Structure formats: C-alpha cells, structure tokens
Amino acid sequence: MPLSPEHSSSEGTAEGTLLNRTPRQSTFKSRYSLENEVLTIATQDGTTHSQERWWFITDNLRMRTHILKDQDGSQVASFCSEIRMGGKPPANP
C-alpha cells in the first residue's frame, strides 16, 4: 500500500491516502492520519465503512482496534493487543 502524504506538520501529525489493490477488486482508496503516535486508517467500500487504529504502548506492546459499520446499521468491533517477542528488554527503573 503506497502512502500518498497530503499534509504533515512539525507537531508530528500527517494525513493522506493509502492505495490498495487486491486480486479480486479494483484499486480502492483509504484515508490515513497519524496524530499523537496513533495511526488511523478509514476506508469506505460501497456500503461498508471501516476504521482501524494502531498505536504502541511500549516498544514491545502494540494495541489495535477495528470497527466495521454497514449501511444497514450493523457494526462489528475488535480489539487486539500484540506483544513483540524477542524485542528490547524493558528499562530498569
């Protein structure tokens, strides 16, 4: 997915377009924004809206949420926490 930055600032925010092409579908666009170290990707595909958010809590712990909303009002949400094994050891206080 190539990134097409449209706006970035010195405060660490950026937004732009992601282009995705799958074997069964034509190319479709998603919008992304990166703000306060949280990556948000929003995709509108026909009658379905998808929003994903990714962020790192520590160097070895990533959180992820995903929400799908359909035109008929149905919604599906998921949450995931991922631990990177073999990463940097935590700093001793």
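Reference entry: report on the structure contained in this document. Note that the structure is a prediction, hence the values are computed from the model and not measured. (Residues numbered from 1 in each chain as written. Predicted model: local features only at pLDDT ≥ 70, side-chain atom pairs only at ≥ 80, totals over all residues. Heavy atoms only, no water.)

**Some remarks on the pattern of salt bridges**
Under the counting rule described, the total for this entry stands at two salt bridges. With a shortest N-O distance of 2.4 Å, arginine 62 and glutamate 82 are connected by a salt bridge. Here the residue arginine 62 occupies a position in strand 6 (residues 61-70), and glutamate 82 occupies one in strand 7 (residues 75-83), the gap between them amounting to 20 residues. Arginine 64 is paired through a salt bridge with glutamate 82; the nearest N and O atoms lie 2.7 Å apart. Separated by 18 residues along the polypeptide, arginine 64 in strand 6 and glutamate 82 in strand 7 bring together distant segments of the chain. By relative accessible area, glutamate 82 is classed as partly exposed at 21%. (Salt bridge = Lys/Arg side-chain N within 4 Å of Asp/Glu carboxyl O. Helix = DSSP H or I, 4+ residues; strand = E, 2+ residues; numbered from the N terminus. Buried < 20%, exposed > 50% of the residue type's maximum accessible area, 1.4 Å probe, protein only.)

**Some details on unusual backbone geometry**
Despite not being glycine, asparagine 36 shows a phi value in the positive range, around 55°. Of note, the phi angle at glutamate 37 is positive, near 65°, even though the residue is not glycine. Residue position: glutamate 37 is located in the loop between strand 3 (28-35) and strand 4 (38-45).

**Thoughts on the side chain of serine 30**
Here serine 30 lies in strand 3. Residue classification places serine 30 among the buried residues on the basis of a relative accessible area of 4%. At a separation of 2.5 Å, a polar atom in the side chain of serine 30 contacts the side chain of threonine 43. In contact with serine 30, other than residues within four places in its own chain, are Gly16, Thr17, Leu18, Ile41, Ala42 and Thr43. (Polar contact = N/O pair within 3.5 Å; in protein donor to acceptor, adjacent residues only side chain to side chain. Contact = heavy atoms within 4.5 Å.)

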